[in-house]
Amino acid sequence: MLQNRVLHKVMGIMLALMLVISLAGCGKDDARTVAGDETKIVAVYEGGQVNEQEFNRYYYVDKYFNETLHNYYEQGDPEGFKKQMLETYISFKILSARADEELRTSTESDVEERVKQYEKELKNNADAKKIWDSKSAEWGIKLGDIEQYLKVQATAVNYVRSLVTEEKVQELYESTIKADPHAYTLATVRHVLVAFEPQVGEARTKEEALKRAQQVKAKLDGGADFAEIAKEYSDDPGSSQQGGRYVSNPVSDWVEPFKEAVLALEIGEISEPVETEYGYHVILVEERKEQTLEDVRDLLQGQAVNQIYSEFMEDELPVLIREMDLPGVQDDAEEANDAQDGEASGNEADKAG
């Protein structure tokens, strides 16, 4: 769904954005003001409301950081995208308001410091300043708008993080392992791919590819250097120039036949040709490792944050939003009421008939 793609993207990139945000030589605030009527209320939710100008500030700052994504969705479903963005903003406002004073103060202080640091670092970046001057003039956004954008998001994220307990992390790890015992298995392998459709050269039949893979296997069994054979024979552009080697790769990333072979092979054993949709592989497993909970703790905490946030978006937020009134966008409650009115009218017509 559009909603999940947008919301998960926002939550997933927030902390990275805090670290790499390109404030683009923002300079001092000026008198420009983002378009929108501050007296027009575009959303009412339990505990607050959002006016048009406030939302537009959030929307265009987000567009400044994610213009490619905005352009894509604005072309396909501009009204639906804007509605999802408003719901996202409301969710951040509600969650950030739930943070205690200590968390809110520390987060806002951190954001302010980062904004100052990046402003100093980029003030001499002429190209970045040119981009900022252009976009800020077009959309009316200011440095203060960026700071508020980051504060509401970071506070919401940190609040959700504070809800992640050790029990939640442990439960997530165990349930994942139960569903897939090798979910956290890493392997270092070398392989030679004889592709059915190599990027360079003519396509091969299965018989031709298998014959070539068997030749590769024979050379390796005869003592040939795996790295040299991979460079000469492998059609995998991602590994051939590295001697066919993938280091500490999650086995879950690989297609099933390849994954099964990597898990079944003895360390140091060279496989028979393994067929996948791409061609035939000759595989050597150099190392396998099962990651412990501590090894994947950061990953699990991130997954837990996304899970808690997703549950909030699906279960709580629809109840907390009282109304939405974006131009050209009908809110869900209004749609439901219209549907009920239509059904009632239909029933009355049936009775009259």
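Preceding this section is the structure that the text describes.
Residues numbered from 1 in each chain as written. Predicted model: local features only at pLDDT ≥ 70, side-chain atom pairs only at ≥ 80, totals over all residues. Heavy atoms only, no water.

Asks: Would you mind showing me how to read the sheet that holds strand β1 (residues 41-45) here?
Replies: Sheets are built from strands paired through backbone hydrogen bonds, the pairs being either parallel or antiparallel. Spatially, the three strands line up as an open sheet ordered β2-β1-β7, and their pairing is antiparallel. Lying at the two open borders of the sheet, with one neighbouring strand each, are β2 (48-51) and β7 (321-324). Going across the sheet, the axis of each strand differs from the next one's by a mean of 15°, ignoring polarity. Here β1 pairs with β2 via four bridges, running antiparallel. Its bridge partner lying in β2, Ala43 is registered against Val50. Packed on one face of the sheet, helix α2 (residues 52-65) meets β1 and β2 and runs near 75° to β2. (Pairing = 2+ DSSP bridges. Helix = DSSP H or I, 4+ residues; strand = E, 2+ residues; numbered from the N terminus. Axes fitted to C-alpha atoms, helices over the stretch in contact; angles between N-to-C directions. Contact = heavy atoms within 4.5 Å.)

Asks: Help me out: how do you make sense of the side chain of Gln291 in this one?
Replies: Tracing the backbone through its elements, the reader meets Gln291 in the loop between β6 (279-290) and α12 (297-320). Of the residues examined, Gln291 reaches a relative accessible area of 16% and is grouped as buried. When neighbours within four sequence positions are excluded, Gln291 is seen to be in contact with Tyr173, Tyr184, Leu186 and Val296. (Buried < 20%, exposed > 50% of the residue type's maximum accessible area, 1.4 Å probe, protein only.)

Asks: Sorry if this is basic, but what is going on with the packing of aromatic side chains here?
Replies: How two aromatic rings sit relative to each other is set out by the distance from centre to centre and by the angle between their planes. A full pass over the atoms with the stated rule returns 15 aromatic pairs. Note on Tyr59 and Phe81: the rings are 6.1 Å apart at their centroids and 70° apart in plane angle, and the pair reads as edge-to-face. Remark: Phe81 occurs in helix α4 (residues 78-98) and Tyr59 occurs in helix α2; sequence separation between them is 22 residues. Both residues of the pair, Tyr59 and Phe81, count as buried. Ring geometry for Phe92 against Tyr309: centres 6.0 Å apart, planes inclined by 15°, an arrangement best described as stacked. On the criterion of sequence distance, the pair formed by Phe92 in helix α4 and Tyr309 in helix α12 is long-range, its members being 217 residues apart. Here the two residues Phe92 and Tyr309 agree in accessibility, since each one is buried. Among the aromatic residues, those joined into a ring-pair cluster are Phe55, Tyr59, Tyr60, Tyr72, Tyr73, Phe81 and Trp139. (Phe/Tyr/Trp six-rings, centres within 6.5 Å; stacked < 30°, edge-to-face > 60°.)

Asks: What am I meant to see in the pattern of salt bridges here?
Replies: Side chains that differ in sign of charge can pair as their charged atoms come close. Applying the stated criterion to the full structure yields 22 salt bridges. The partner of Lys206 in a salt bridge is Glu275, with the nearest N and O atoms 2.8 Å apart. In this pair, Lys206 is assigned in helix α9 (residues 206-221) and Glu275 in strand β5 (residues 274-275), connecting sequence segments 69 residues apart. A salt bridge links Asp221 to Lys217; the nearest nitrogen and oxygen atoms lie 3.4 Å apart. Taken together, the residues Asp221 and Lys217, both in helix α9 and four residues apart, mark about one turn of the helix. Assessed through its relative accessible area of 48%, Asp221 is described here as partly exposed. Through salt bridges that share partners, Glu67, Lys135 and Glu138 make up one connected network. (Salt bridge = Lys/Arg side-chain N within 4 Å of Asp/Glu carboxyl O.)

Asks: What's the story with helix α11 (residues 256-264) in this structure? I'm lost.
Replies: Along an α-helix, a turn takes 3.6 residues, which lines up residues three or four apart on a common side. Of the residues making up α11, those classed as buried are Phe258, Lys259, Ala261 and Val262. Along the axis of α11, the buried positions cluster into a sector of 165°, meaning they face one direction only. Of the surrounding elements, those touching the buried residues of α11 are β3 (185-195), β5 and β6. (Arc of directions from axis to C-beta.)

Asks: Which parts of the structure should I look at to understand the packing of α2 against helix α6 (residues 126-139)?
Replies: The contact between α2 and α6 brings their axes to 11 Å, and the two run at 155°. Here α6 runs roughly antiparallel to α2, going by the angle between their axes. Relative to α6, the crossing made by α2 is right-handed. Of the residues in α6, those touching α2 at Tyr60, Lys63 and Tyr64 are Ile131, Trp132, Lys135 and Trp139. (Parallel < 35°, antiparallel > 145°, perpendicular 65-115°, else oblique. Left-handed = near helix turned anticlockwise from the far one by under 90°.)

Asks: Could you clarify how one ought to interpret the environment of Arg322 in this entry?
Replies: Within the secondary structure layout, Arg322 lies in strand β7. Each C-alpha atom, one on Arg322 and one on Gln49, is 9.4 Å from the other, the two residues being 273 residues apart in sequence. A polar atom in the side chain of Arg322 sits 2.7 Å from the side chain of Glu46. (Polar contact = N/O pair within 3.5 Å; in protein donor to acceptor, adjacent residues only side chain to side chain.)

Asks: In this structure, what is going on with the nonpolar core? I would like to understand it.
Replies: For soluble globular proteins, the rule of thumb is that nonpolar side chains tend to be buried together. If you look at the biggest cluster of nonpolar residues, it comprises 55 residues, and the most contacted ones within it are Val50, Phe55, Leu86, Ile90 and Leu300. Residues within four places of Phe55 in sequence aside, it is in contact with Val42, Val50, Lys82, Met85, Leu86, Tyr89 and Leu326. Ala209, Val216, Phe226 and Val282 belong to the second-largest nonpolar core, a separate cluster that totals 15 residues. (Core = buried A, V, L, I, M, F, W, Y, C linked by side-chain atoms within 4.5 Å.)

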